[in-house]
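Notes for the structure review
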Amino acid sequence: MRPIFFAAVLLAAPLTAFADTPCGGPFTTFIEGLKTEAAASGIAPATANAFLANVGLDPSVLRADQKQGVFQIPFVEFSRRLISNDRINRGRSNGQKYDAVFDRIEANYGVDRGVLLAFWAFETDYGTFQGDFNTANALVTLAHDCRRPELFRPQIFAAMELFARGDFNPNTTTGAWAGEIGMVQMLPYDILENGVDGDGDGVVSLKTSPADALTSGGKMLQSLGWRAGEPWLAEVVLPRDFDWSQTGLEIARPISEWSALGVEPRNGPLVEGLKASVLIPQGRNGPAFIAYPNFRVYFEWNQSFTYVMTAAYFATRLQGAKVFEAGNPDRGLDSNQMKALQNRLQDLGYDVGGIDGILGSGTRAAVRAEQNRLGMPVDGWPTPELLSKL
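What follows is about the overall build of the protein. Helix and strand counts for the protein stand at 17 helices and seven strands. For 390 residues, the compact-globule estimate of 2.2 N^0.38 gives 21 Å, and the protein sits close to it at 22 Å. If one aligns the C-alpha atoms of the protein with their principal axes, the spans along those axes are about 70 × 55 × 35 Å. The buried share of the protein, reckoned over its 390 residues, is 55%. Summarising the internal contacts of the protein: among those between residues at least 6 apart in sequence, 70% fall at separations of at least 24.

Let us look at the packing of aromatic side chains. Between two aromatic rings, the relevant description is the distance of the centres plus the angle of the planes. Inspection of the entire model under this criterion finds 23 aromatic pairs. Each member of the aromatic cluster is reached from another via a ring pair, and the members are Phe 119, Phe 122, Trp 226, Trp 232, Phe 295, Tyr 298, Phe 299, Trp 301, Phe 305, Tyr 307 and Phe 314. The residue whose ring lies beneath Arg 253 is Trp 258, and the NZ or CZ to ring-centre distance is 5.6 Å. Its guanidinium or amino end placed over the ring of Phe 305, Arg 364 lies 4.6 Å from that ring's centre, counting from NZ or CZ.

Before going further, it helps to spend a moment on the environment of Pro 384. Position of Pro 384 among the secondary structure elements: in helix 17 (residues 384–389). Put simply, Pro 384 and Gln 337 are 47 residues apart on the chain and 8.0 Å apart in space, counted from C-alpha to C-alpha. Apart from residues no more than four positions distant in its own chain, Pro 384 is found in contact with Arg 331, Gly 332 and Leu 333.

What the five strands build is an open sheet, ordered 4-6-7-3-5; its pairing is antiparallel. Because the sheet does not close on itself, it has two edges, and the strands there are strand 4 (253–254) and strand 5 (264–265). The pairing of strand 3 (residues 233–237) with strand 7 (residues 289–291) spans three bridges and is antiparallel. When the sheet's bridge partners are listed, Ala 234 is paired in strand 7 with Ile 290. Sheet strands in contact with helix 13 (residues 293–301) are strand 3, strand 6 (275–279) and strand 7, and its direction is about 65 degrees off that of strand 6. Together, strand 3, strand 6 and strand 7 form the strand contacts of helix 14 (residues 305–318), whose direction differs from that of strand 3 by roughly 90 degrees.

Now for the packing of helix 5 (residues 85–97) against helix 7 (residues 113–124). Orientation of helix 5 relative to helix 7, taken along the N-to-C sense of each, is 125 degrees, at an axis distance of 10 Å. Comparing the axis directions of helix 5 and helix 7 gives the class oblique. The way helix 5 lies across helix 7 gives a crossing that is right-handed. Contact residues: Arg 87, Gly 91, Asn 94 and Gly 95 in helix 5; Arg 113, Leu 117, Trp 120, Ala 121 and Phe 122 in helix 7.

Now for the nonpolar core. Counting 85 residues, the largest nonpolar core has Val 115, Met 160, Leu 221, Leu 233, Phe 295, Tyr 298 and Phe 314 as its most contacted members. Tallying contributions element by element places helix 14 first for this core, with ten residues. Discounting chain neighbours no more than four positions away, the residues touching Leu 221 are Val 111, Val 115, Leu 116, Phe 119, Trp 226, Val 297 and Trp 301.

As a further point, take the environment of Glu 193. Tracing the sequence through the fold places Glu 193 in helix 10 (residues 188–194). Of the residues examined, Glu 193 reaches a relative accessible area of 45% and is grouped as partly exposed. Placed 35 residues apart in sequence, Glu 193 and Ala 158 show a C-alpha to C-alpha distance of 9.7 Å.

All right, on to the pattern of salt bridges then. Under the defined criterion, the tally for this structure stands at 19 salt bridges. One salt bridge in this structure joins Arg 90 and Asp 125, with 3.3 Å as the shortest N-O distance. One end of the pair, Arg 90, is in helix 5; the other, Asp 125, is in the loop between helix 7 and strand 1 (133–134), and 35 residues separate them in sequence. When its relative accessible area of 25% is taken as the criterion, Arg 90 is described as partly exposed. One continuous salt-bridge network, built from bridges that share partners, spans Asp 86, Arg 87, Arg 90 and Asp 125.

All right, on to the side chain of Thr 310 then. Inspection of the secondary structure assignment puts Thr 310 in helix 14. Accessibility expressed as a relative area gives 0% for Thr 310, which makes it buried.

What counts, and at which threshold
- Residues numbered from 1 in each chain as written.
- Predicted model: local features only at pLDDT ≥ 70, side-chain atom pairs only at ≥ 80, totals over all residues.
- Heavy atoms only, no water.
- Helix = DSSP H or I, 4+ residues; strand = E, 2+ residues; numbered from the N terminus.
- Rg over C-alpha atoms; globule rule 2.2 N^0.38 Å.
- Buried < 20%, exposed > 50% of the residue type's maximum accessible area, 1.4 Å probe, protein only.
- Contact = heavy atoms within 4.5 Å.
- Phe/Tyr/Trp six-rings, centres within 6.5 Å; stacked < 30°, edge-to-face > 60°.
- Lys NZ or Arg CZ within 6 Å of the ring centre and 35° of its normal.
- Pairing = 2+ DSSP bridges.
- Axes fitted to C-alpha atoms, helices over the stretch in contact; angles between N-to-C directions.
- Parallel < 35°, antiparallel > 145°, perpendicular 65-115°, else oblique.
- Left-handed = near helix turned anticlockwise from the far one by under 90°.
- Core = buried A, V, L, I, M, F, W, Y, C linked by side-chain atoms within 4.5 Å.
- Salt bridge = Lys/Arg side-chain N within 4 Å of Asp/Glu carboxyl O.

This is the structure we're talking about:
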């Protein structure tokens, strides 16, 4: 099965964005600008010249960048598409096959194997399809494009550093359309910062060595704030008279308080001593989860709420959790309806983060505010009823 890639909502690499990042214009002028900036940052001119000698713009990268429809699919359907019995079985098989590797990762970085297995599954279908875009061309194309140059331009210089080390060939290195490389899809800067030789052969090879890729992913999650020995997500059951306005990542309470409000676990006891949030990705009539602090680290890997929910949930399944109770969610909005809703919310003064048909954090927050104003259940799930009232 060809996996779905999620580069449209990229790893949040710790790079400094600046407002006037050079982009666009004649390509030759753009390349000369890269060479000048590379030299100013300490990269040898010969390295920059060799790296950029054969790069070019790739229109297929821009076409891929504009395809974001997968993120319009609601959580229940999205998770069912991605989590098959085959993926679960292969995940558990890989967990056993690389048991010693996962033991070292858990000991050194505190990241549970289910978490990394889920990323490995979703990003490249356990390494079977890692992307066939030329990485250098992809990075240069996206840096030249003026939509997000502040993210991609620094990645070019990181790739140059890897090239200087002998770990990147601009002519042959391939990966996802947005520049991620290897089995767990890491950007060049992240490889520089977190690449680990997990198999002890003296080389960091994220494309061919599961041990290197998984260990590097574990180190990166730790660097992003993963807390060792703590859970990330658990399914819960909520009482019917629950105050839905208390759901969402914006509200975090001690587990003891949630228990007092009637929140009950479905897969073993909740972990006391931690603050957590109650999440209902498809409203009050759909599945419900408790999200611990580690759940927020997922957004440093990928910023799509639907992807994060699904990856975190899949990790719990690989650790033995039951299939979630889907419930009977209220009908949501299709893409055109969601865009109409976003336009209306924007007209009302809300920052929805763009009219893209995707239920992101800005749109969800605006929906909750309008549900509250209109006297509707404040569960953050947009419905045709809400759209008609607006």
